[in-house]
Structures are given as C-alpha cells and as structure tokens.
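Structural overview
Here is what each chain is made of, one letter per residue.
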Amino acid sequence: MRLLVVEDDRDLNRQIVSALEEAGYAVDRAYDGEEGHFLGDTEPYDAVVLDIGLPKKDGIAVLQEWRAAGRKMPVLILTARDRWSDKVQGFDSGADDYVAKPFHMEEVLARIRALLRRAAGHATSDIVCGPVRLDTRAGRVVVDGAAVKLTSHEYRLLAYLMHHTGRVISRTELVEHLYDQDFDRDSNTIEVFVGRLRKKLGVDMIQTVRGLGYLMTPPEPAAPASKPAR
Ligand code: CA
C-alpha cells in the first residue's frame, strides 16, 4: 500500500511518515498544497493524509480539485484544533475521515487501516483468504494457525494482494503501489518477491495470469485442507 502525506509542518510530516513507514507502507511526502495536489493527481495512492492549513493551496481546495478530476482515493484530513466547520467543509469536499490536532499517531494509523480496508471492501482489521490470515493491526501473517515471518517488502506485497483478492493485479500496478517515488523501481523484482512469498506461505494461492499479472484466490473449495489444524 502506498500513501501520500501532505503536511507543511516538517516535524509533524516526518513523524507521520516514519510512523506509516514503520507500519509497512510505502510513503511519499509533500510540504505544500501545490506539490501535494500534483502528486495526488498523478500518482496512484491507496490513501492520503491531508492537512487542511497548507501554504500555496489549502487542503480543502486540493481535495475539491482531486474529486472534481475523478480521483477517488480515501483521504484523511488533519484539522487544526477541534473546529467543526473544518470537518463539515472537509467531508463536503470529499474527505473520508478526519483527525483533529493534536492527535495520537496510533489514531492516524488506525484510521488509515480502516480507510484502506473499507476501500477494498473488508469490514475488519483481520483479512482472511483461505488458510492465510493477515492481521493488519499487528502486521502479522498466519497460515493454518502458524505465524509466518515476512520481510517488509514481502508483507507489503501480500497486504496489497490480500486487500484485492479475486482481481488480477498487473506487475505495473504492484510496482506503483508497493514503492515510494524515490525507490529504484524495477518490475522484475516483483517476480522475485512473489516467488519468495509463495515459498514462505507454503500454500498455492497466488496464481500467475500470463501476460496480465497475479491473482490471489483461496484454494479450490473441492480440495481438502492441506493438513488438519495442529
Ligand atoms: Ca498546516
């Protein structure tokens, strides 16, 4: 999952970005409304954290322009103090949620998780596909009841596939959603990561759809479970 943080307060921007990176997301950052608007308009983010009070272009205007241009990514706005008018204006402009400053970073993380899973049609923080369970709160993966240790890149890849089960995901889409803009992107590495992930999961759930990409689906219902639980 790839996120954008638009916040002009450099300290706060850094804090939010590092908390999100630590939680396993690829994160791009912007420090004013123009830069933020441009990135959100041209890059495919899974969600955006958008401050309302921004230099060059305020957050409400940025949001309105994105929505007018058909950009549908979930947006969490940061409102100064507990100003109800900011929230109303924000929601009316297309915001999906808000956090009022000052906030606890845990709350931002929880709201981002909720926005991402809602956007993908999941109701809880645990996402299940066949024997694989992704705990998006703890960043843990369990297969048939046993914890599986993944690197941050492998986790990011699995999280993206699990949020979009049943849909063919192209390699280009994966590259765009797994790496931030400064990363040296190479779609060939995706193949390597998918290979490692398959091996670590030990269950055959990530199909290669020739020429199109990857598809994650639960194993065929007719097939017996690979082994009884414990
Ligand atoms: Ca600000």
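Just so you know, these numbers come straight off a predicted model, no measurement behind them. (Residues numbered from 1 in each chain as written. Predicted model: local features only at pLDDT ≥ 70, side-chain atom pairs only at ≥ 80, totals over all residues. Heavy atoms only, no water.)

1. Here's the deal with the domain arrangement of the protein chain
Much of the literature gives interface size as the accessible area that the parts lose upon coming together. Which entries qualify depends on this criterion: Each domain's limits were defined by an automated method or a database of domain assignments. For this analysis, residues touch if any pair of their heavy atoms sits within 4.5 Å. Accessible area, probed at 1.4 Å, shrinks when two parts are joined; the buried area is that loss added up over both. For this document, the term salt bridge refers to a Lys or Arg side-chain nitrogen within 4 Å of an Asp or Glu carboxyl oxygen. In protein, a polar contact requires one atom able to donate a hydrogen and another able to accept it; more generally it is a pair of N or O atoms within 3.5 Å, and residues adjacent in sequence count only if both atoms are side-chain atoms. Helix and strand definitions follow DSSP, with helices as H or I runs of at least four residues and strands as E runs of at least two, each counted in order from the N terminus. Gly is put with the polar residues, along with every residue not named as nonpolar or charged; the nonpolar set is Ala, Val, Leu, Ile, Met, Phe, Trp, Tyr, Cys and Pro, and the charged set is Asp, Glu, Lys and Arg.
Assigned domains within the protein chain: domain 1 (2-119) and domain 2 (126-216). Counting residues at the interface gives 13 residues for domain 1 and 12 residues for domain 2. Together domain 1 and domain 2 conceal approximately 1100 Å² of surface at their shared face, both sides included; 47% is due to carbon and sulfur atoms. Counting the contacts that link domain 1 with domain 2 gives 0 salt bridges. Taken together, the links from domain 1 to domain 2 amount to 8 residue pairs in polar contact (both at pLDDT 80 or more). At the level of secondary structure, the elements contributing two or more residues to the side of domain 1 that touches domain 2 comprise β2 (26-30) and α5 (105-119). Counted by class, the side of domain 1 that touches domain 2 contains 6 nonpolar, 1 polar and 6 charged residues.

2. Notes on empty space enclosed by the protein
As a reminder of what qualifies: Cavities and pockets were defined on a 1 Å grid built from protein atoms only: a cavity is a group of points that admits a 1.4 Å probe but offers it no way out, a pocket is an open group of points flanked by protein on both sides within 12 Å along at least five of seven lines, and a lining residue is one with an atom within 4 Å of any such point. Grid points are joined across faces, edges and corners, and a volume is the space filled by probe spheres set on the points.
What the rule picks out here adds up to 1 cavity of 30 Å³ or more. Reported here for the largest cavity is a volume of approximately 120 Å³. Forming the boundary of the largest cavity are Met1, Ala23, Gly24, Tyr25, Arg113, Leu116, Thr136, Tyr155, Arg156, Ala159 and His163. Listing elements by their share of the lining of the largest cavity, those giving two or more residues are α5 and α6 (152-163). Per element, the largest residue contribution to the lining of the largest cavity is 4 residues, and it comes from α6. A per-class count over the lining of the largest cavity returns 6 nonpolar, 3 polar and 2 charged. Two domains each put at least three residues into the lining of the largest cavity: domain 1 (2-119) and domain 2 (126-216).

3. Quick look at helix α1 (residues 10-22)
The condition that has to hold: By this rule, a helix spans an expected 1.5 Å times one less than how many residues it contains. For each residue, the accessible area found with a 1.4 Å probe, counting protein chains only, is set against the maximum for its type, and the residue is called buried under 20%, exposed over 50%, and partly exposed in between. The arc in question is traced by the directions running from the helix axis to the C-beta atoms.
The end-to-end C-alpha distance of α1, which contains 13 residues, comes to 18 Å, matching closely the 18 Å that a straight helix rising 1.5 Å per residue would cover. Of all the residues in α1, the buried ones are Leu12, Asn13, Ile16, Val17, Ala19 and Leu20. Relative to the axis of α1, the buried residues are bounded by an arc of 165° and lie together on one face. Projecting away from the buried face of α1 at angles above 90 degrees are the exposed residues Arg10 and Glu22.

4. Some words on the coordination of the calcium ion
This is how the line gets drawn: A 2.8 Å cut-off from the metal defines N, O and S donors, relaxed to 3.2 Å for Na, K and Ca; water is not in the atom list, so some sites may appear incomplete.
The protein atoms that coordinate the calcium ion are Asp8 (OD), Asp51 (OD) and Gly53 (O), at distances spanning 2.2 to 2.3 Å. One chain supplies every donor to the calcium ion, and in sequence these donors are spaced D-x42-D-x1-G. You can see Asp8 sitting in the loop between β1 (2-6) and α1 and its partner Gly53 sitting in the loop between β3 (47-51) and α3 (59-68), a full 45 residues away along the chain. Residue classification places Asp8 among the partly exposed positions, given a relative accessible area of 31%. The partly exposed category is assigned to Gly53, whose relative accessible area is 48%.

5. Some thoughts on the packing of aromatic side chains
Inclusion rule: For Phe, Tyr and Trp, where Trp contributes only its six-membered ring, two rings pair if their centres lie within 6.5 Å, and the inter-plane angle classes them as stacked under 30 degrees, edge-to-face over 60, or tilted in between.
Under the defined criterion, the tally for this structure stands at 1 aromatic pair. Taken together, a centroid distance of 6.0 Å and an interplanar angle of 85° make the contact between Phe91 and Tyr98 edge-to-face. Residue class for Phe91 comes out partly exposed when judged on its relative accessible area of 39%.

6. Examining the pairing of strand β7 (residues 132-135)
Note the following rule: The pairing criterion for strands is at least two bridges between them, as found by DSSP.
In this structure, strand β6 (residues 126-129) lies alongside β7, joined through 4 bridges in antiparallel fashion. Bridge pairing links Asp126 to Asp135 in β7. Between β6 and β7, which follow one another and run antiparallel, lie 2 residues, and Gly130 among them has a positive phi close to 60°. Turn length for the β7-strand β8 (residues 140-143) hairpin, with the two strands adjacent in sequence and antiparallel, is 4 residues, and the turn residue Gly139 shows positive phi of about 70°.

7. Regarding the side chain of Arg2
For Arg2, the location among the structural elements is in strand β1. For Arg2, the side chain forms a polar contact with the side chain of Asp28, separated by 2.6 Å. A polar contact is formed between the side chain of Arg2 and the side chain of Glu43, at a distance of 3.1 Å.

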